[in-house]
Amino acid sequence: ISQHASELLSAGGTPAICLKVAAIGSGLGFVAFGAGLWARSRHPVAFGAATWMLFGLAMISNGIWPMGDPMHGLYALGIVNLIAPALSHIEVARWLSTRRHYGITALVSVSGVVYLWLNLTGNDPQAFRGLTQRIFSSINALWPFLTTLALLWPSRAGDAEPGVAA
């Protein structure tokens, strides 16, 4: 509960291997999500989708390079996840137009800022640093998960695509 996932990578053995695989796998998932979101947005340049792809690349690098190496996290490139939900929501707003979607976007974005603030100011309790990382990581992954559901099954999410009956 007290250790960040990246700190556990240096422990070696099976836990480190599992964490490396998890970091690379989740990173690939974020890259795939960004690519799909970009395609769905129909914009020639989709900055929000690109931020998810960059975040995914940073996650992949967490599984490749050890903590302490500047390539771990690609020189802190993962910070783009703070703006990824808001930028992406702008690009696909026509399919995510309910108050619930705006609320989720705000929750995820504000949570990311709160987590960054906790870390930068030293207010993340030492005994629970790993727990807060996992909680905020889960909140961050909530936006792509719920957005994917809404875009794949718009009638279930209450958001019919323009011109398509729900």
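The residue numbering used here restarts from 1 in each chain and proceeds along that chain's sequence as written. Only residues with pLDDT of at least 70 are given local features in this predicted model, and only at 80 or more are side-chain atom pairs given and counted; all residues enter the totals for whole chains, interfaces and linings. No hydrogens and no water enter the side-chain calculation; it runs on all heavy atoms of the structure.

### Here we look at the confidence of the model for the protein chain
Working step 1: Taken as a whole, the protein chain shows an average pLDDT of 89; of its residues, 93% reach a score of 70 or greater.
Working step 2: Residue-level confidence of the predictor, termed pLDDT, takes values from 0 up to 100. Segments assigned H or I by DSSP are reported as helices when at least four residues long, segments assigned E as strands when at least two residues long, and all are numbered from the N terminus. Mean pLDDT across the elements of the protein chain bottoms out in helix H7 (residues 154-157) (62) and peaks in helix H3 (residues 47-64) (96).

### Describing the packing of helix H5 (residues 99-121) against helix H6 (residues 129-152)
Working step 1: At a minimum axis distance of 10 Å, the contact between H5 and H6 shows a crossing angle of 155 degrees. When the axes of H5 and H6 are compared, the pair comes out roughly antiparallel. Crossing angle aside, the handedness with which H5 passes H6 is left-handed. Of the residues in H6, those touching H5 at His101, Ile104, Thr105, Leu107, Val108, Ser111, Val114, Tyr115 and Leu118 are Thr132, Gln133, Phe136, Ile139, Asn140, Leu142, Trp143, Leu146 and Ala150.
Working step 2: Three categories are distinguished: nonpolar for Ala, Val, Leu, Ile, Met, Phe, Trp, Tyr, Cys and Pro, charged for Asp, Glu, Lys and Arg, and polar for the others, with Gly belonging to the last. Partitioned by chemical class, the residues of the contact of H5 with H6 number 12 nonpolar, 6 polar and no charged. Axes here mean lines fitted to C-alpha atoms, for a helix over just the part in contact, with angles spanning 0 to 180 degrees between N-to-C directions. Note on terminology: angles under 35 degrees are roughly parallel, angles over 145 are roughly antiparallel, angles of 65 to 115 are roughly perpendicular, and the others are oblique. Crossings are classed by handedness, with left-handed meaning an anticlockwise turn of the near helix from the far one by less than a right angle and right-handed meaning a clockwise turn. In what follows, residue pairs with any heavy atoms lying within 4.5 Å of each other are defined as contacts.

### Let's talk about the environment of Val80
Working step 1: Note on placement: Val80 falls in the loop between H3 and helix H4 (84-91).
Working step 2: Accessibility here uses a 1.4 Å probe with only protein chains present; expressed as a share of the type maximum, an area under 20% marks a residue as buried, one over 50% as exposed, and anything in between as partly exposed. On the basis of relative accessibility, which here comes to 15%, the residue Val80 falls in the buried class.

### Looking at the packing of aromatic side chains
Working step 1: Planes of paired rings set the category: under 30 degrees apart is stacked, over 60 is edge-to-face and the rest tilted, where pairs are Phe, Tyr or Trp rings (Trp by its six-membered ring) whose centres lie within 6.5 Å. Enumeration over the complete set of coordinates arrives at 7 aromatic pairs.
Working step 2: Ring centres 5.6 Å apart and planes at 85 degrees place the aromatic pair Phe33 and Trp52 in the edge-to-face group. Of this pair, Phe33 sits in helix H2 (residues 13-41) while Trp52 is found in helix H3, placing the two residues 19 residues apart along the sequence.
Working step 3: Judged by its relative accessible area of 0%, Trp52 is buried.
Working step 4: Summarising the aromatic geometry, the rings of Trp52 and Trp143 are spaced 5.9 Å apart at their centres and angled 10 degrees between planes, so their arrangement reads as stacked. In this pair, Trp52 is assigned in helix H3 and Trp143 in helix H6, connecting sequence segments 91 residues apart. For the pair Trp52 and Trp143, a shared accessibility class is recorded, and that class is buried.
Working step 5: Of the aromatic side chains, those joined through ring pairs into one cluster are Phe30, Phe33, Trp52, Phe55 and Trp143.

### Thoughts on the packing of H2 against H3
Working step 1: Across the interface, H2 lies against H3 with an axial gap of 7 Å and an inter-helix angle of 165 degrees. One finds that H2 runs roughly antiparallel with respect to H3. Where H2 crosses over H3, the handedness of that crossing is left-handed.
Working step 2: Residue composition of the contact of H2 with H3, by class: 18 nonpolar, 6 polar and 1 charged.

### Some points on the nonpolar core
Working step 1: The biggest cluster of nonpolar side chains holds 17 residues, and the ones touching the most others in it are Leu37, Trp52, Leu96 and Trp143.
Working step 2: Elements with a minimum of two residues in this core: H2, H3, H5 and H6.
Working step 3: Beyond its immediate sequence surroundings of up to four residues, Trp143 is in contact with Phe33, Leu37, Trp52, Pro85, Ser88, His89, Leu96, Ile104, Thr105 and Val108. Residues enter a nonpolar core if they are buried and are Ala, Val, Leu, Ile, Met, Phe, Trp, Tyr or Cys, with the set joined through side-chain atoms within 4.5 Å.

### Digging into H2
Working step 1: Given a helix with a known number of residues, its expected span is that number minus one, times 1.5 Å. With 29 residues, H2 should reach 42 Å at 1.5 Å per residue; the first-to-last C-alpha distance of 42 Å fits that figure.
Working step 2: Along H2, the residues classified as buried are Ala16, Ala23, Gly27, Phe30, Phe33, Gly34, Leu37, Arg40 and Ser41.
Working step 3: In this fold, the buried residues of H2 make contact with helix H1 (5-8), H3, H4 and H6.
Working step 4: Of the residues trailing H2, Arg42 is marked for its positive phi of about 60 degrees.

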